[in-house]
Amino acid sequence: MSDMITADLVDLDLSADTKEAAARALAERMVAQGRVTDLGGFLADVAAREAQMPTGLDGGIGIPHCRSAHVTEPSLAFGRSAAGIDFGAADGPADLIFLIAAPAGADDAHLTILSSLARQLMNTDFTSALRAVADAETAAALIRGDETPSTAQAPASSEESTGVSEGAGAAQGAVGAAGASEDSAAASVAASADAAAGTTAQAPGASAPAQTTPAGAGSAADTGERPFRIVAVTSCPTGIAHTYMAAESLENAGREAGVELVVETQGSAGFTRLDPAVIAAADAVIFAHDVPVRDKDRFAGKPTVDVGVKAGINRPVELITEVRAKAARGERSAPAPAAGGTPVERAGDSTEGYGTRLRKWLMSGVSYMVPFVAAGGLLIALGFAIGGYKINKAPSVMDHFVWTQADSWGALLFQIGAVAFGFLVPVLAGYIAYGMADRPGLVPGFVGGAISLTINAGFLGGLAAGLIAGGVVMAIQRVRIPPALRGIMPVVVIPLISSAIVGFLMFVVIGKPIASAQKGLTDWLNGLTGTNAVLLGALLGLMMCFDLGGPVNKVAYTFATAGIAVSNPSDSAMKIMAAVMAAGMVPPLAMALATTVRGRLFTQTERENGKAAWVLGASFISEGAIPFAAADPLRVIPSSMVGGALTGALSMAFGATLRAPHGGIFVIPLIGNPFLYLIAIAAGVCATTALVVLLKGMRKQTPETTAADPATNETTTTKKTKQPVAA
């Protein structure tokens with residue numbers, strides 16, 4: 001901050017009585033220094049930011065700030081008020097006011113100031129020194145980190161006050177607290193991991209320098225007792241100031257209370273998940289957040305205090321006391337559910353194999369892409385249904401739209417759908433990268449996906465761009481950086497570097513080969529006729545029914561949607577889409593029919609699931625058959641694949657076409673050859689139903705199973721015979 005604040009930007013006798021007057025007084029100093037060009041415009045930007053959320057903090061601190069087009073360079077002005085000024089803090093007026101001004105778009109400068117200042121403000125010695133400092137030059141030096149609180153308050157001739165060098169003082173003033181926090185967190189991770197593994201709970205770093213000792217570990221080592229362990233999560237909408245201030249406050253309070261406390265900072269920036277061993281070894285959890293906690297299930301089943309992020313800043317001791325009391329009473333949060341969560345929330349677990357993680361990364365991209373496919377495809381299909389098959393050649397509705405003409409409405413729907421389709425590849429690539437590297441992966445992922453469209457690399461390019469973007473960001477995140485720069489890494493540095501690398505690779509290295517492969521695939525699809533088309537339909541039907549909504553199913557579905565994700569898809573592409581949707585409807589419809597015609601072969605629960613499967617199957621939701629496949633995979637999955645292959649082959653043979661990527665029977669009016677299409681679906685459903693009933697009926701029956709209640713399939717266990725799982 002050496003060039004961001006000078007003595008001319010310090011007012012130790014701020015006489016303003018309102019926050020608006022205080023901002024004006026400090027802003028006038030910036031204008032005088034040529035750092036602000038338009039006082040009125042800048043103050044309007046400050047007021048707009050203040051209206052979003054008060055910038056007052058407990059402890060007598062106000063931090064009004066904004067980005068403004070009227071700022072020429074990042075600047076920080078400081079004012080000290082004897083009477084105090086109300087900035088909306090719960091504990092009353094602020095006497096220390098920091099006005100932060102950054103040029104429009106200068107996220108790096110803005111976040112650097114905020115994160116660095118936020119850490120310093122949690123140091124009571126720092127704020128006390130600012131209240132006691134006698135001259136503006138010393139105050140500016142103290143804020144820059146050129147002087148420590150001790151040298152700023154004590155006489156320069158004192159040996160004790162000059163025992164610390166200026167260089168060390170600068171490091172302590174700017175980033176010392178954050179560095180200590182990071183080191184203590186790392187030491188605490190090691191301690192907790194040892195505890196989880198059943199080792200002796202000795203405080204790590206007890207004989208090491210103080211900055212490597214986790215909060216509270218030293219006191220625990222002195223008594224020979226295991227310290228009380230807490231894991232905490234802090235987050236705020238910006239992910240910078242309040243997030244790190246709350247983390248710093250909790251860590252300091254934990255250190256004073258003799259508690260081993262580790263914080264995971266979240267927010268709009270990316271975050272590094274705590275080691276599962278650390279969480280497992282923790283005795284309690286504190287959530288101090290203003291945005292939803294990511295992967296909250298990791299902390300389930302432990303005593304928990306859940307508050308806003310400002311409580312973490314203002315009341316850390318109370319929070320620690322409260323959560324310890326809950327632990328003593330045995331109060332615990334609800335255990336984590338057995339399954340659930342979005343693909344992104346569960347992607348990339350370090351304990352999983354690479355193949356599993358790759359599948360989850362790809363699934364995260366596909367899951368976010370599908371709504372765009374559904375909305376865009378249905379709108380395009382409706383546009384064709386209303387305006388005819390030449391509607392794709394209609395002029396823009398901005399130039400020509402007649403309220404009473406059906407063609408205009410058809411053109412409107414078509415053009416909205418075409419815009420939605422334009423997001424498919426960027427969303428696919430962006431959320432693959434998101435699944436790999438969290439929020440910092442979004443920018444390079446979307447950029448890579450957009451480049452894929454530009455160079456005509458299509459879905460193949462989007463897949464490659466997403467994986468490359470995620471990998472690049474993950475590599476950058478492994479680089480150790482100074483704690484003071486953590487705030488700007490996910491907002492500026494990572495997007496900048498990763499986007500440049502992804503763009504270079506897509507444009508110069510791999511883009512052309514992928515585009516050629518995409519063109520070859522498209523040409524091959526367009527040339528499919530006769531037997532080849534029928535065989536492709538059978539193959540896609542097999543894939544759709546193999547894992548019922550899993551990665552193989554999604555590959556087939558993505559392959560089909562890629563063909564129609566253009567304003568003028570080929571006839572072959574529309575046939576493939578029709579075959580894929582028809583095959584995907586077969587498994588749930590077949591299970592529903594089987595539970596109806598031979599209910600005694602199924603459990604009561606499965607018969608209830610069968611009723612829901614009618615609706616799910618008719619809506620093209622293949623997952624409706626998953627409960628049946630999970631209970632009896634060796635009979636249900638092969639039977640479903642046979643029916644799916646038959647339906648896919650018949651759909652291709654009948655020449656049924658479909659422009660919509662989803663909808664089931666509800667888009668039958670938009671299907672070419674709808675009657676034959678329904679026959680193809682019925683044939684597959686009947687084939688799968690017959691096979692399932694046959695295979696389940698062939699199970700070897702023992703005397704015990706014969707005597708069992710056929711309505712419930714309940715059996716008794718014999719000594720030598722292992723009964724089959726209810727299916």
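Structure: above.
Residues numbered from 1 in each chain as written. Predicted model: local features only at pLDDT ≥ 70, side-chain atom pairs only at ≥ 80, totals over all residues. Heavy atoms only, no water.

Asks: When you look at the overall build of the protein in this model, what are you seeing that I'm missing?
Replies: Scanning the protein for helices and strands turns up 27 helices and twelve strands. Expressed as a percentage of the 727 residues in the protein, the buried residues total 50%. For the protein, the proportion of contacts with a sequence separation of at least 24, taken over those separated by at least 6, is 72%. (Helix = DSSP H or I, 4+ residues; strand = E, 2+ residues; numbered from the N terminus. Buried < 20%, exposed > 50% of the residue type's maximum accessible area, 1.4 Å probe, protein only. Contact = heavy atoms within 4.5 Å.)

Asks: In this structure, what is going on with the packing of aromatic side chains? I would like to understand it.
Replies: The description of two aromatic rings rests on the distance between their centres and on the angle between their planes. Scanning all chains against the criterion turns up eleven aromatic pairs. Geometrically, the ring pair formed by Y431 and Y434 is edge-to-face, given 5.4 Å between the ring centres and 70° between the ring planes. Of this pair, Y431 and Y434 both sit in helix α15 (residues 424–437), three residues apart, which is roughly one turn of the helix. Here Y431 matches Y434 in class, with each residue buried. Taken together, Y368, Y431, Y434 and F446 form an aromatic cluster joined through their ring pairs. The positively charged end of R324 is found above the aromatic ring belonging to F228, 4.8 Å away from the centroid. (Phe/Tyr/Trp six-rings, centres within 6.5 Å; stacked < 30°, edge-to-face > 60°. Lys NZ or Arg CZ within 6 Å of the ring centre and 35° of its normal.)

Asks: For this particular structure, what's the right way to read the packing of helix α4 (residues 124–132) against helix α5 (residues 136–144)?
Replies: When two helices pack together, their arrangement is given by the angle between the helix axes and the distance between those axes. Where α4 contacts α5, the two axes come as close as 10 Å, and the packing angle between them is 165°. With respect to α5, the element α4 is oriented roughly antiparallel. In the crossing of α4 with α5, the sense of the turn from one axis to the other is left-handed. Residue-level inspection shows F126, A129 and L130 of α4 in contact with α5, the latter providing A139, L142 and I143. Taken together, the residues of the contact of α4 with α5 break down into six nonpolar, no polar and no charged. (Axes fitted to C-alpha atoms, helices over the stretch in contact; angles between N-to-C directions. Parallel < 35°, antiparallel > 145°, perpendicular 65-115°, else oblique. Left-handed = near helix turned anticlockwise from the far one by under 90°. Nonpolar A, V, L, I, M, F, W, Y, C, P; charged D, E, K, R; others polar.)

Asks: What is the right way to look at helix α26 (residues 674–697) in this model?
Replies: Since the α-helix packs 3.6 residues into each turn, any two residues three or four apart lie on the same face. Taking 1.5 Å per residue as the helical rise, α26 with its 24 residues ought to reach 34 Å, and the 34 Å between its terminal C-alpha atoms agrees with that figure. By the burial criterion, the buried members of α26 are Y677, A680, I681, G684, V685, T688, T689, V692, V693 and K696. Here the buried face of α26 lies against α22 (571–597), α25 (633–654) and β12 (671–672). (Expected span 1.5 Å × (residues − 1).)

Asks: Is there a simple way to explain helix α12 (residues 316–329) in this structure?
Replies: Here α12 spans 20 Å end to end across 14 residues, near enough to the 20 Å set by a 1.5 Å rise per residue. Along α12, the residues that are buried comprise P316, L319, I320, V323 and K326. Looking straight down α12, one finds its buried side chains confined to an arc of 125°; they lie on one side. Of the residues in α12, the exposed ones pointing more than 90 degrees away from the buried face are A328 and R329. Immediately beyond the C-terminal end of α12, within one or two residues, lies G330, with a positive phi of roughly 80°. (Arc of directions from axis to C-beta.)

Asks: What is the right way to read the pattern of salt bridges from this model?
Replies: Close approach of charged atoms allows side chains with opposite charge to pair. Overall, the coordinates contain twelve salt bridges when judged by the stated rule. The partner of R35 in a salt bridge is E73, with the nearest N and O atoms 3.8 Å apart. With R35 in the loop between α1 (19–32) and α2 (39–52) and E73 in the loop between β4 (65–68) and β5 (75–85), this residue pair connects regions lying 38 residues apart in the sequence. Residue D95 is joined to R131 by a salt bridge in which the shortest nitrogen-to-oxygen separation is 2.7 Å. Taken together, the residues D95 in strand β6 (residues 94–103) and R131 in helix α4 connect sequence positions 36 residues apart. When its relative accessible area of 33% is taken as the criterion, R131 is described as partly exposed. (Salt bridge = Lys/Arg side-chain N within 4 Å of Asp/Glu carboxyl O.)

Asks: How do you make sense of unusual backbone geometry when you look at a structure like this?
Replies: Leaving glycine out, the prevailing phi sign among residues is negative, and the prevailing peptide bond configuration is trans. At N456, a position not held by glycine, the phi torsion is positive, near 60°. Since its relative accessible area comes to 58%, N456 is described here as exposed. Not every positive phi belongs to a glycine, and N673 is a case in point at roughly 60°. When you line up the elements, N673 lands in the loop between β12 and α26.

Asks: Would you mind showing me how to read the sheet that holds strand β9 (residues 284–289) here?
Replies: Consider a sheet: its strands pair through backbone hydrogen bonds, and that pairing is either parallel or antiparallel. Overall, parallel pairing links the four strands, which are arranged β8-β7-β9-β10 in an open sheet. Both edges of this open sheet fall to β8 (260–265) and β10 (304–307), since each of them pairs with a single strand only. Each adjacent strand pair in this sheet contributes to an overall mean axis angle of 15°, direction not counted. Across the sheet, α12 is in contact with β7 (229–235), β8, β9 and β10; its angle to β10 comes to roughly 145°. (Pairing = 2+ DSSP bridges.)

Asks: Where do I start with the side chain of S452 in this structure?
Replies: With respect to the secondary-structure elements, S452 resides in helix α16 (residues 442–454). A relative accessible area of 0% places S452 in the buried class. Reaching out from S452, the side chain makes a polar contact with the backbone nitrogen of G462 at a distance of 3.2 Å. Residue contacts for S452: discarding those within four places in its chain leaves V425, A457, G458, G461, G462 and M506. (Polar contact = N/O pair within 3.5 Å; in protein donor to acceptor, adjacent residues only side chain to side chain.)

Asks: What's the story with the pairing of β5 in this structure? I'm lost.
Replies: Side chains on a regular strand alternate between the two faces of the sheet. Burial analysis of β5 places nine of its eleven residues in the buried class, which makes it a mostly covered element. As paired elements, β5 and β6 share seven bridges and run antiparallel to each other. What sits directly across from L76, in β6, is I100.

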